[in-house]
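Geometric and topological summary
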Amino acid sequence: MGRGSAGFLALLGAAALALLGTLHFVAYVVPTEASMGIVQKIFYFHVPSAYAMYLGATACFIGSAGYLVRGTLRWDALARAGAEVAVAMGLMVLISGPLWAAKAWGVYWTWDPRLTTSMLSVLVYVAYVVLRAFAGDGEAERKFAAALGVLGAANLPIIHYSVQKWGGNHPKVITSGGGGLQHPDMKLGLVLGFLSFTLLAALLIWQRMRLAMTSSRLGELTEEALELGIDED
């Protein structure tokens, strides 16, 4: 077994243990919030999944910028992996958020500044993933997608500061002026959530990056074989 495979398996095991531990801790140890009841426990997965979406988007930005500067497959693979993780985690945010909002606000969705900007970011990375899936894998397509990956990151600070700048219904729980987490186990549950989703995002980015690099390399070998006159037979 190679060093890379051993590292991947170690990360896989750590992520699995962290997720299982977080699920158990949130379900059986973290106290139920008085006003919202058990629905509030969505918070311990909703916020970390938003953080993981940021991690994926940041990886996409770094990979896209690196590809525009260096033009290597490794940077392109990082960008693709980051975009896919941003989409997956963003969908978790957009699914868990309305479930929480239905209890807190009485509606599943409202055009709140943070909700709207978050959905916009998810759509940007969905566009990136669709572009890479259906527009080919040539250099021009890669550069166009890389430009989209760089521009998409511009919306991340807007999401973060939207509540402070424009208000809205979205709560401020862990920032200054927010409601806070009163019980120590609530704070620990959130920390475990952040740890779990950080490991999960890293795991997914690593795996998807390896897959993207393998796919790109296979495409290059196929083109080289065709140039040499070697057909599929």
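Per an unreviewed UniProt entry, the chain is named Heme exporter protein C, and its organism is Chondromyces apiculatus DSM 436. If you open the UniProt record of the chain and go to Subcellular location (unreviewed entry), you find "Membrane". Comment text from UniProt for the chain, heading Function (unreviewed entry), reads "Required for the export of heme to the periplasm for the biogenesis of c-type cytochromes."

All chains considered together, the criterion is met by three salt bridges. Salt-bridge contacts for Glu 84 lead to Arg 208; the nearest nitrogen and oxygen are separated by 2.5 Å. On the criterion of sequence distance, the pair formed by Glu 84 in helix α3 (residues 73-104) and Arg 208 in helix α7 (residues 184-227) is long-range, its members being 124 residues apart. The exposure class of Arg 208 is partly exposed, given its relative accessible area of 33%. In this structure, Lys 143 and Glu 139 form a salt bridge, with 3.3 Å as the shortest nitrogen-oxygen distance.

Attention shifts here to the packing of aromatic side chains. On inspection of all chains with the given rule, the structure shows five aromatic pairs. Considering the side-chain rings of Phe 43 and Tyr 44, the 5.3 Å spacing of their centres and the 80° angle between planes classify their relative orientation as edge-to-face. Tyr 44 shares its class with Phe 43; the two are buried. Their ring planes at 70° and their centres at 5.6 Å tell us that Phe 43 and Trp 100 sit as a pair that is edge-to-face.

Analysis parameters
- Residues numbered from 1 in each chain as written.
- Predicted model: local features only at pLDDT ≥ 70, side-chain atom pairs only at ≥ 80, totals over all residues.
- Heavy atoms only, no water.
- UniProt positions renumbered as here; feature names shortened; annotations may be inferred.
- Salt bridge = Lys/Arg side-chain N within 4 Å of Asp/Glu carboxyl O.
- Helix = DSSP H or I, 4+ residues; strand = E, 2+ residues; numbered from the N terminus.
- Buried < 20%, exposed > 50% of the residue type's maximum accessible area, 1.4 Å probe, protein only.
- Phe/Tyr/Trp six-rings, centres within 6.5 Å; stacked < 30°, edge-to-face > 60°.

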